Amino acid sequence: MTDTRLMTAADIPLMQDLAQRVTAVRPELISAGASYGELAWVWGQGCAHYRATWPRRLWFAGPELVAWGWAFLPRQVRRNDGSVTEVNGASLTYQIHPDNLNLTDEVIEWYDEVAAGLERTVSPTTAEEYALGRWAAHGYLDDVAALGDAGDWTQLNARDLTDVEQPVLPAGFRFRTADEAGPEAAVQAHVDAWAPSAYTARSYEEVRRTAAYRGDLHLLVQAPDGTMAASTIMWLDPANRSVEFEPVGTHPGYRRRGLASAMILHGMQVARSVGATHATVVCLGAPGHPQARELYHSLGFRELSRDAPLIKAASTG
């Protein structure tokens, strides 16, 4: 059985359930965009603005979801500085349970149908050997720009939560949660870290509505002047006893003070207190973007999976 329509909030728990089942047996198959936490984050922060450009298809075996595809079609991205980016191509995030690889061609054919005439990109993981062959058979090639030294391919990093160091903040700084600091502070922390940003109070409202969000696991670092200088959301996957940090950001005026390191160490200790045994975080993997990767490696994270970006020209197929 299959089902095609625009994305809805009700789809996210179904897709997260599949992510949990794949994580339990083949964690290296989880692409950066299809992880338990990333699914909630991407939906929440963007649904109010872009849902009309988000078709999806679900594949079921009986009552159980075994594959899905989520297409991102052309749209305008408006930021708080007034800038507008026109996204003219299509991209796809997808997931297929390893017991149902026979559905790979159906996923590809559906994507080619909903994104017909557009440049199409997709990022399976390098561990998806069968899928990589099928994408190639359908005319998808290595995305040379994305794979370059300054490319935007990502990797998923993981570590266990034994022997977590004690976090150390500079004098006058302290840890807060979004429950304590409130919505306005949580939104401003993200906007400051990622300026110019398309994130709004409505975006955060939708993030909070996702079943996976917990305000006590949304961490901030407050500066002595009251500024929320760093923030991250931890997404707890109870089935796999894991937390994912997504997103992680620091106000540009407070960088290089060890705030992100301290916040993540603090977060890992909080994660242990709620039953997690390991943590994950996504970062850019290309050599030209070493900062986040070096930060996470210094905190004990190591690469679990990496994306293999593919592209198909608009005039092809």
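Below you will find a few notes about this structure. Given the structure is predicted, the values throughout are model-derived calculations rather than measurements.

Rules of the game
- Residues numbered from 1 in each chain as written.
- Predicted model: local features only at pLDDT ≥ 70, side-chain atom pairs only at ≥ 80, totals over all residues.
- Heavy atoms only, no water.
- Salt bridge = Lys/Arg side-chain N within 4 Å of Asp/Glu carboxyl O.
- Buried < 20%, exposed > 50% of the residue type's maximum accessible area, 1.4 Å probe, protein only.
- Helix = DSSP H or I, 4+ residues; strand = E, 2+ residues; numbered from the N terminus.
- Phe/Tyr/Trp six-rings, centres within 6.5 Å; stacked < 30°, edge-to-face > 60°.
- Polar contact = N/O pair within 3.5 Å; in protein donor to acceptor, adjacent residues only side chain to side chain.
- Contact = heavy atoms within 4.5 Å.

**Some details on the pattern of salt bridges**
What the rule picks out here adds up to 14 salt bridges. The residue arginine 5 makes a salt bridge to aspartate 11 at a minimum N-O spacing of 4.0 Å. Judged by its relative accessible area of 43%, arginine 5 falls in the partly exposed class. A salt bridge links glutamate 206 to arginine 209; its shortest N-O distance comes to 3.2 Å. With glutamate 206 and arginine 209 both in helix H8 (residues 201-209) and three residues apart, the pair spans about one turn of that helix. Using a relative accessible area of 56% as the deciding quantity, one classes arginine 209 as exposed. Taken together, the salt bridges that share partners define one network made up of Arg202, Glu205, Glu206 and Arg209.

**Quick word on the packing of aromatic side chains**
Within this structure, the stated rule accounts for 14 aromatic pairs. Centroid distance tryptophan 43 to tryptophan 54: 5.9 Å. Interplanar angle 50°. Geometry classified as tilted. Here tryptophan 54 lies in the loop between helix H2 (36-50) and strand S2 (55-61) and tryptophan 43 lies in helix H2, a separation of eleven residues in the sequence. One exposure class covers both tryptophan 43 and tryptophan 54, and it is buried. Each ring, one from tryptophan 54 and one from tryptophan 70, has its centre 5.2 Å from the other, and the planes form 75°; the classification is edge-to-face.

**Comments concerning unusual backbone geometry**
Of the consecutive residues alanine 195 and proline 196, the connecting peptide bond is found in the cis state with omega at -10°. Looking at the element boundaries, proline 196 is found in the loop between helix H7 (183-193) and H8. The backbone of arginine 241 shows a phi angle near 50°, a positive value even though the residue is not glycine. Structurally, arginine 241 is set in the loop between strand S12 (228-237) and strand S13 (242-250). You will see that arginine 256, though not glycine, has its phi angle at about 65°, which is positive. Mapped onto the fold, arginine 256 is located in the loop between S13 and helix H9 (259-273). Looking at arginine 256, the relative accessible area reads 85%, which means it is exposed.

**Considerations on the side chain of histidine 138**
In this fold, histidine 138 is placed in the loop between helix H4 (129-137) and strand S8 (141-142). A polar contact is formed between the side chain of histidine 138 and the side chain of aspartate 105, at a distance of 2.7 Å. Not counting the four nearest positions on each side in its chain, histidine 138 is found in contact with Asp105, Ile108, Glu109, Asp112 and Lys312.

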